[in-house]
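Below, each chain spelled out in residue letters.
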Amino acid sequence: MLIALDAGHGGSDPGAVYNGRREKDDNLKLAMAVGDILKNEGMDVFVSFHRNSGENPNAASGVQVLIYSEGGEKEHLAENILDNLTDLGFKDLGIIERPNLVVLKRTNMPAVLIETGFINN
């Protein structure tokens, strides 16, 4: 089975930046760690890692999982990811439909985008 992990942003696109910390660096570290864990698992999914950034530093926290639309394996995957992260103590910001995100819209397998906390908190 195929597992595709996308470390959101990269190259000349740092994503959100806070006090010199770049979203792309956090995303790559997380994707590599998750990839190591999943090497021996059999799934066919696409997971894109990102970080939120709030208007005011240290004001927002929590995780969201974005999906193209409700239903099916992608929603089940999003629920499992969100449940596991909230079990670890992250605030649950829910599962959000985002049908216009290219990585969710054009991926031909169950796809989720995880906003893994806020870079400025």
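Nothing here was measured: the structure is a model prediction, and the numbers come from that model.

Undergrad: What's the story with the overall build of the protein chain in this structure? I'm lost.
TA: Of the regular secondary structure elements, the protein chain holds 3 helices and 7 strands. Walking the protein chain from its N terminus toward its C terminus, one meets helices and strands in the order β-β-β-α-β-β-α-β-α-β. Its C-alpha atoms give the protein chain a radius of gyration of 14 Å, within 12% of the compact-globule value 14 Å for 121 residues. With the principal axes as the frame, the protein chain shows a C-alpha extent of 40 × 30 × 30 Å. The proportion of buried residues among the 121 residues of the protein chain is 36%. Contacts in the protein chain between residues at least 24 apart in sequence constitute 76% of all its contacts with a sequence separation of at least 6. Split by element, the accessible area of the protein chain, about 7100 Å² in all, is 48% carbon and sulfur.

Undergrad: For this particular structure, what's the right way to read the side chain of N120?
TA: Mapped onto the secondary structure, N120 falls in the segment after β7 (111-118). In this structure N120 comes out as buried when scored by relative accessible area, which is 4%. Those residues in contact with N120 that lie beyond four places of it in its chain are Y18, S53, G54, N56, P57 and N58.

Undergrad: Which parts of the structure should I look at to understand the confidence of the model for the protein chain?
TA: Residues shown with low pLDDT carry predicted positions that ought not to be read at fine detail. Model confidence for the protein chain is summarised by a mean pLDDT of 92, while 96% of its residues fall at 70 or above. Mean pLDDT across the secondary structure elements of the protein chain bottoms out at helix α1 (residues 23-38), with 89, and peaks at strand β5 (residues 63-67), with 98.

Undergrad: What is the right way to look at the environment of D83 in this model?
TA: Following the sequence through the fold, D83 ends up in helix α2 (residues 72-87). Residue D83 is classed as partly exposed on the basis of its relative accessible area, which comes to 43%. Measuring from C-alpha to C-alpha, the distance between D83 and Q64 comes to 11 Å, with 19 residues separating the pair along the chain.

Quick notes on the rules
- Residues numbered from 1 in each chain as written.
- Predicted model: local features only at pLDDT ≥ 70, side-chain atom pairs only at ≥ 80, totals over all residues.
- Heavy atoms only, no water.
- Helix = DSSP H or I, 4+ residues; strand = E, 2+ residues; numbered from the N terminus.
- Rg over C-alpha atoms; globule rule 2.2 N^0.38 Å.
- Buried < 20%, exposed > 50% of the residue type's maximum accessible area, 1.4 Å probe, protein only.
- Contact = heavy atoms within 4.5 Å.
- Areas by Shrake-Rupley, 256 points an atom, 1.4 Å probe, with all protein chains shown as cover.
- pLDDT = per-residue confidence, 0-100.

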